[in-house]
Amino acid sequence: MTVGRILFTKFVVQDLPRALAFYDQAFGFTERNRIALPGMEEVLIGLPDDPFTLVLYHHTDGRALVRGDNYGPLGLSTRDIQAAWDRAIAAGATAVRPPEDLPGMRIAFLDDPEGHTIELIQYLREKTREGASE
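This text gives an overview of the structure that appears in the document. (Residues numbered from 1 in each chain as written. Predicted model: local features only at pLDDT ≥ 70, side-chain atom pairs only at ≥ 80, totals over all residues. Heavy atoms only, no water.)

Phi at Asp49 is positive, roughly 60 degrees, even though this residue is not glycine. Inspection of the secondary structure assignment puts Asp49 in the loop between strand S3 (40-46) and strand S4 (53-59). According to the relative accessible area criterion, Asp49 is exposed, its value standing at 84%. (Helix = DSSP H or I, 4+ residues; strand = E, 2+ residues; numbered from the N terminus. Buried < 20%, exposed > 50% of the residue type's maximum accessible area, 1.4 Å probe, protein only.)

Turning next to the sheet that holds strand S5 (residues 74-77). One open sheet accounts for 4 strands, arranged S5-S8-S7-S6; its pairing is mixed. The sheet is open, and its two borders are formed by S5 and strand S6 (94-102), each paired with just one other strand. Strand-to-strand twist across the sheet, computed as the mean angle between neighbouring axes with direction ignored, equals 15 degrees. The pairing of S6 with strand S7 (residues 105-111) spans 6 bridges and is classified as antiparallel. Its bridge partner being in S7, Glu100 is matched across the sheet by Ile107. With respect to the sheet, helix H1 (residues 16-27) is in contact with S5, S7 and strand S8 (117-123), its orientation differing from that of S8 by roughly 15 degrees. Across the sheet, helix H2 (residues 81-90) lies against S6, S7 and S8, angled at about 180 degrees from S6, the strand it touches most. (Pairing = 2+ DSSP bridges. Axes fitted to C-alpha atoms, helices over the stretch in contact; angles between N-to-C directions. Contact = heavy atoms within 4.5 Å.)

What follows is about the sheet that holds S4. Read from one edge of the open sheet, 4 strands run S1-S4-S3-S2, paired in mixed fashion. The open sheet has two edge strands with one neighbour each: strand S1 (8-12) and strand S2 (30-37). Across the sheet, the mean angle from the axis of one strand to that of its neighbour is 20 degrees, orientation sign disregarded. In terms of strand pairing, S3 meets S4 through 6 bridges, oriented antiparallel.

To continue, consider the layout of surface pockets. Put simply, the largest pocket is a space of about 270 Å³. Taken together, 14 residues make up the lining of the largest pocket; nearest its centre are Phe11, Val12, Arg67, Tyr71 and His116. Partitioning the lining of the largest pocket into residue classes produces 7 nonpolar, 4 polar and 3 charged. Lining the second largest pocket we find 13 residues, and of these Phe29, Leu47, Asp50, Leu76 and Ser77 sit closest to its centre. Of all the secondary structure elements, the ones that give two or more residues to the lining of the second largest pocket are S5 and H2. With 3 residues, S5 is the largest single contributor of residues to the lining of the second largest pocket. Among the residues forming the lining of the second largest pocket, the class breakdown is 7 nonpolar, 3 polar and 3 charged. (1 Å grid on protein atoms, 1.4 Å probe; cavity = no way out; pocket = protein on both sides within 12 Å on 5 of 7 lines; lining within 4 Å. Points joined across faces, edges and corners; volume = space filled by probe spheres on them. Nonpolar A, V, L, I, M, F, W, Y, C, P; charged D, E, K, R; others polar.)

All right, on to the side chain of Glu42 then. With respect to the helices, strands and loops of the structure, Glu42 is situated in strand S3. With a relative accessible area of 9%, Glu42 lands in the buried category. Among the polar contacts listed, one links the side chain of Glu42 to the side chain of Lys10, at a separation of 3.0 Å. Once residues within four sequence positions are removed from consideration, Glu42 is found in contact with Lys10, Asn33, Arg34, Ile35, Val55, Leu56 and Tyr57. (Polar contact = N/O pair within 3.5 Å; in protein donor to acceptor, adjacent residues only side chain to side chain.)

Listed below in structure tokens is the structure:
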């Protein structure tokens, strides 16, 4: 039996308006839906023409958040890692590891304003024939 497909991941955030503004300004995520229930609110955001959804989940009952370290980064692909890095930093991200080259790709890590780690990946095309361009 197969499950189907991955639909979303959730980030629990303290400041929902700030998180929404960051993901819009840094990466172009737009609001798809909003759900409010007693004690919680979540906003579903995503990129145009991409079915993946990032859910920003916010407790409205005032409880304190405790951040653990047993999770990995949100991975985002880009065609221009330096431009994506610069936009994210300007929107309030914190630099973790600046863009660096690996075989076939460039990667970078940064934290959103609430400390969620984001991994940027730019895949590099191989030059398979003379005159091929990236």
